[in-house]
Amino acid sequence: MYFRKKLIEVIIFSILIFILISTDLKQIYPIYGSHLFQDWIYIFIHSTNDCDHNFLFSDYKYVNGCKEYLNSNFVYPKIWLKILKIITSSIIFEFILILTIFVFIYFNLEILEELPIWSKILFLLSPIAILLFERGNNDIVIFIIVYLFASFYNKKNIFLSSIFLFLGCLLKIYTISLIPMFLIHNKKKKSIILIIIISSVLLYISNFEYILNNYNKSGLLLSFSSSVYIKILNSLFNLNINYKIFSILLLLAIIFFSLAFKINLPKCKNKNEIYYLIGSSIIVSSFFLSEGFVYKLVFLSFTLPLIHEYKYKFNLGVYKYFLMLTYLALFIEFFSFAIENIFQINYIEFKKYPLLNFENIFFSFSILFKNFIFWLLNINLILVSTKIFIRKFKENF
């Protein structure tokens, strides 16, 4: 009965989502893509080393510049090419993505099981989720792997959780931020040994330096990075601040501040607290240690169960603040996208020739405000997750 109910939910959400991403309705969302499943097809083109493909759902068309596109550096870990090289059919490749989207929706509904239906609707139809689906970004696959890691971790199966963590680290470097989770596992000796083994093997077999130098860095649109403000300061005042080092120092400063900040968080369900630590680890590390895109905000799904539990175990005002900030972060892209369309901002011209006029000032404000929300979100995630992590570390040691 439970599975049947969940399956109906998945089917309903899937139909809504596929209507949104495959029709003109997607134009109301800030997607900026050239064709459906753009990111997923990018991997397929590189894995087959061929541009001439036809897809069942995607409106991808072969372009003359594709050969140059193939000669450029692949922006993901090369293990994606090795794994997917066995798939030569574009139709099968496309259906694999559709299947992963179904699984992604199902796992999200599992995470949000105890939440009201409006919360599920707001999350799965948010600009971040729709962007992820429409682009067919491989963070969908990573989310599934992280969910499996979290499930086995909560079941105290350290062996299987470590396997999924290891797989996640190979496919996307940011999942390495979950390794400290083993420090609060009750199987202390095994956890420490696993941390050493996973870290050592990853350093040996992965091409971290290549990934760090060649991953697709964000600009201003759809960016999710602490470096945005620093880059703007560098540009406006002709400065040369090393934003990578500055971001790390800021992260450390916020962590130390969180350790010193006195707040008594209630002890909640262990499962929800673990979920929160997992979601915040990925989001915070991605924000401060890379120049990535807003896709990472889908991991806010892991933080929502604990926030909703705070409604009954913590200050109601704090609960409303956390909840509002979370959904504001998920929907804030609408704000800058609306300003861009209302004033018909040409983003390329805006970057090359930043004229001081009313339209550009308003658009610049929308970008600054959006990034302010992202900063506020990350500070809150660090504050709460630090308190939870320290308490659990003390309990298990």
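Residues numbered from 1 in each chain as written. Predicted model: local features only at pLDDT ≥ 70, side-chain atom pairs only at ≥ 80, totals over all residues. Heavy atoms only, no water.

Participant: Please give an account of empty space enclosed by the protein that cites residues and values.
Facilitator: For the structure on display, the rule yields one cavity of 30 Å³ or more. For the largest cavity, the calculated volume is near 70 Å³. Counting only elements with at least two residues in the lining of the largest cavity, the list comes to α16 (316-331) and α19 (358-396). Among the residues making up the lining of the largest cavity, the classes are represented as seven nonpolar, three polar and no charged. (1 Å grid on protein atoms, 1.4 Å probe; cavity = no way out; pocket = protein on both sides within 12 Å on 5 of 7 lines; lining within 4 Å. Points joined across faces, edges and corners; volume = space filled by probe spheres on them. Helix = DSSP H or I, 4+ residues; strand = E, 2+ residues; numbered from the N terminus. Nonpolar A, V, L, I, M, F, W, Y, C, P; charged D, E, K, R; others polar.)

Participant: Break down unusual backbone geometry for me, citing the residues and quoting the values.
Facilitator: One non-glycine residue, asparagine 49, adopts positive backbone phi at about 55°. Relative to the elements of secondary structure, asparagine 49 occurs in the loop between α2 (38-48) and α3 (66-71). With a relative accessible area of 54%, asparagine 49 lands in the exposed category. Positive phi values are uncommon outside glycine, yet glutamine 344 reaches one of about 50°. The topology assignment puts glutamine 344 in the loop between α17 (333-342) and α18 (347-352). Exposure remark for glutamine 344: the relative accessible area of 71% places this residue in the exposed category. (Buried < 20%, exposed > 50% of the residue type's maximum accessible area, 1.4 Å probe, protein only.)

Participant: Give me the lowdown on the environment of leucine 148, citing residues and values where you can.
Facilitator: Note on placement: leucine 148 falls in helix α8 (residues 139-154). Residue leucine 148 is classed as partly exposed on the basis of its relative accessible area of 23%. If we ignore the near neighbours within four places in the chain, the residues touching leucine 148 are Phe107 and Phe164. (Contact = heavy atoms within 4.5 Å.)

Participant: Describe in detail the pattern of salt bridges, supporting the description with residues and values.
Facilitator: Under the criterion given, the structure shown has 15 salt bridges. Note that aspartate 139 and lysine 172 form a salt bridge whose closest N and O atoms lie 2.8 Å from each other. Residue aspartate 139 is found in helix α8, and its partner lysine 172 is found in the loop between α9 (158-171) and α10 (188-205); the two are separated by 33 residues along the sequence. For the pair formed by aspartate 139 and lysine 172, the shared burial category is buried. Two residues, lysine 313 and glutamate 309, come together in a salt bridge whose shortest N-O distance is 2.9 Å. Of this pair, lysine 313 and glutamate 309 both sit in helix α15 (residues 304-313), four residues apart, roughly one helical turn. Lysine 313 sits in the partly exposed class, given a relative accessible area of 42%. Residues joined in a network through salt bridges with shared partners are Lys267, Glu273, Arg391, Lys392 and Glu395. (Salt bridge = Lys/Arg side-chain N within 4 Å of Asp/Glu carboxyl O.)

Participant: Tell me what's going on with the packing of α2 against helix α5 (residues 90-111), and back it up with residues and numbers.
Facilitator: Where α2 meets α5, the axes come as close as 11 Å, and the angle between the chain directions of the two elements is 140°. What the angle tells us is that α2 and α5 run oblique. The interaxial crossing formed by α2 with α5 has right-handed handedness. Of the residues in α5, those in contact with Trp40, Ile43 and Phe44 of α2 are Ser90, Phe93, Ile96 and Leu97. (Axes fitted to C-alpha atoms, helices over the stretch in contact; angles between N-to-C directions. Parallel < 35°, antiparallel > 145°, perpendicular 65-115°, else oblique. Left-handed = near helix turned anticlockwise from the far one by under 90°.)

Participant: Before we move on, could you go through the packing of helix α12 (residues 227-237) against α19 and cite the residues and values that matter?
Facilitator: Direction vectors running N to C along α12 and α19 enclose 140°, while the axes themselves pass 10 Å from each other. Between α12 and α19, the crossing angle belongs to the class labelled oblique. Contact residues: α12 offers Val228, Tyr229 and Ile232, while α19 offers Leu368, Asn371, Phe372 and Trp375. Classifying every residue of the contact of α12 with α19 gives six nonpolar, one polar and no charged.

Participant: Would you mind going over the packing of aromatic side chains in detail, with residue names and values included?
Facilitator: According to the stated counting rule, one finds 41 aromatic pairs in the structure shown. Seen in terms of ring centroids, tyrosine 42 and tyrosine 76 are 5.9 Å apart; in terms of plane orientation they differ by 80°. Their pairing is edge-to-face. A residue pair is termed long-range when its members are at least 10 positions apart, and tyrosine 42 in helix α2 and tyrosine 76 in the loop between α3 and α4 (79-84) qualify at 34 residues. Neither residue differs from the other here; tyrosine 42 and tyrosine 76 are each classed as buried. Between phenylalanine 74 and tyrosine 76, the aromatic rings sit 5.6 Å apart at their centres with planes inclined by 80°, giving edge-to-face as the arrangement. Its relative accessible area of 11% is what places tyrosine 76 among the buried residues. Taken together, the ring pairs in this structure connect Phe104, Phe133, Phe143, Tyr174, Tyr275, Phe299 and Phe302 into an aromatic cluster. (Phe/Tyr/Trp six-rings, centres within 6.5 Å; stacked < 30°, edge-to-face > 60°.)

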